[in-house]
Amino acid sequence: MRVFSAVQPTGRLHIGNYTGGISQFLRLQGPAECLFCIADLHALTGDVDPSRLAADTRQVAALYLAAGLDPGRVTLFVQSHVPAHAQLAWLLACTARVGELRRMTQFKARRGDEEGASVGLFEYPVLMAADILLYDATHVPVGADQRQHLELARSLARRFNHRFGDTFRLPDPLLPEAGARIMALDAPGEKMSKSSPRPDSRIHLLDGPDEVRRKIRAAVTDSARGLTYDPVARPGVANLLNLYAALSGETVDAVASRFGGGGHEAFKSALAELINEHLTPIRERYRRWAEDPAAVEAVLRDGAARAATLAAPVLERATRAVGLLPTGA
Ligand code: TYM
């Protein structure tokens, strides 16, 4: 089992990134061979602030470490430090079809005006496919919003293999049972997102305990009594139950029946405390890593060297398969 996943260094990470991404990474380190990347090239497809990108990249790395990823057991690295990602993305771009990229919901949602969208944004899922295929990953832990991108990675691998001979392994997505899609606290019809202009729509991983309590208290629920898991009729309540279940490891129904008799307030305070139990140690360890950027950079340097070693033979396989003249080195 070889696991690959990544997080984009755009904005501050939130509790959805934790339940959909990082908490799965923690479960997989040890049982699987893992590579976790910071997708800084993907960040360039949005409105990135060049004066912040390096610091944000370091911050995601420090959060990976603070969350408990152990650089002795997993490979942590920055996407742009391993040029093979961009090289393989080109080979895959020549395999991808304009039509299939146009159908990607993330592209459709981010721009109404296709003519004005960057080519990078359009090609985003191709670069993501390259990230994954470059390491012969068997499993990709992600939240539900990345499922379509995983489908594309599989289609590109299948098409490439069909045309040029067996080159890539087809990866499977790994979605958590609960917490694969956490919704905005103040608008449970929308996904919780780093880019929302409303900071109260999400819990940041570095929010303090009082901030967490305040945001959860203010989260939209409804006026019906009791707690039942019904994402259509009661999206706010369902979202909080889902978040609780993701963090406690219980099922949503078990959580609903445990707190069902006590009213929304009691459930919300239990949820806030559970979130704080997860975030407080992360915040404390984060402070130590943030004070030592050289140590974070050393982890990333080692990680990039290890990742480059794994990527080289796969890129070589792909360049030979399409018939490029080898360097002869
Ligand atoms: P990103 O940075 O948007 O999100 C990182 C991880 O968090 C998950 N996630 C969520 N999970 C549950 N509820 C939410 N509201 C929520 N929001 C985000 C995402 O599904 C993801 O697992 N394209 C990717 C980064 C990437 C990547 C890759 C991932 C680049 N290359 C290769 C996997 C494999 C992204 O933008 O994630």
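Preceding block: the structure.
All of these numbers come straight from a predicted model, not from anything done at the bench.

Rules and cut-offs
- Residues numbered from 1 in each chain as written.
- Predicted model: local features only at pLDDT ≥ 70, side-chain atom pairs only at ≥ 80, totals over all residues.
- Heavy atoms only, no water.
- Helix = DSSP H or I, 4+ residues; strand = E, 2+ residues; numbered from the N terminus.
- Contact = heavy atoms within 4.5 Å.
- Axes fitted to C-alpha atoms, helices over the stretch in contact; angles between N-to-C directions.
- Left-handed = near helix turned anticlockwise from the far one by under 90°.
- Nonpolar A, V, L, I, M, F, W, Y, C, P; charged D, E, K, R; others polar.
- Core = buried A, V, L, I, M, F, W, Y, C linked by side-chain atoms within 4.5 Å.
- Buried < 20%, exposed > 50% of the residue type's maximum accessible area, 1.4 Å probe, protein only.
- Domains from an automatic or database assignment.

Q: Now, about the side chain of Glu100: what can you tell me, with residues and values included?
A: As for its placement among the helices and strands, Glu100 is situated in helix α5 (residues 98-102). Among residues more than four places away in sequence, those in contact with Glu100 are Thr95, Leu152, Leu156 and Arg159.

Q: Describe the packing of helix α10 (residues 235-248) against helix α12 (residues 263-290), with residues and values.
A: Between α10 and α12, the least distance of the axes is 10 Å, while the angle of their chain directions is 40°. The way α10 lies across α12 gives a crossing that is left-handed. Contacts between α10 and α12 involve Val237, Leu240, Leu241, Leu243, Tyr244, Leu247 and Ser248 from the former and His264, Phe267, Lys268, Ala270, Leu271, Leu274, Ile275 and His278 from the latter. Its residues assigned to classes, the contact of α10 with α12 comprises 11 nonpolar, three polar and one charged.

Q: Just give me the short version of the nonpolar core, but keep the residues and values in it.
A: In this structure, Phe36, Tyr64 and Ile275 are the most contacted members of the largest nonpolar core, which totals 56 residues. The two domains that each donate at least three residues to this core are domain 1 (2-174 + 293-322) and domain 2 (199-288). Setting aside chain neighbours within four positions, we find Ile275 in contact with Ile15, Ile203, Val212, Ile216, Leu243 and Leu247. Counting 43 residues, the second-largest nonpolar core is a separate cluster that includes Cys37, Phe160, Phe168 and Ala311.

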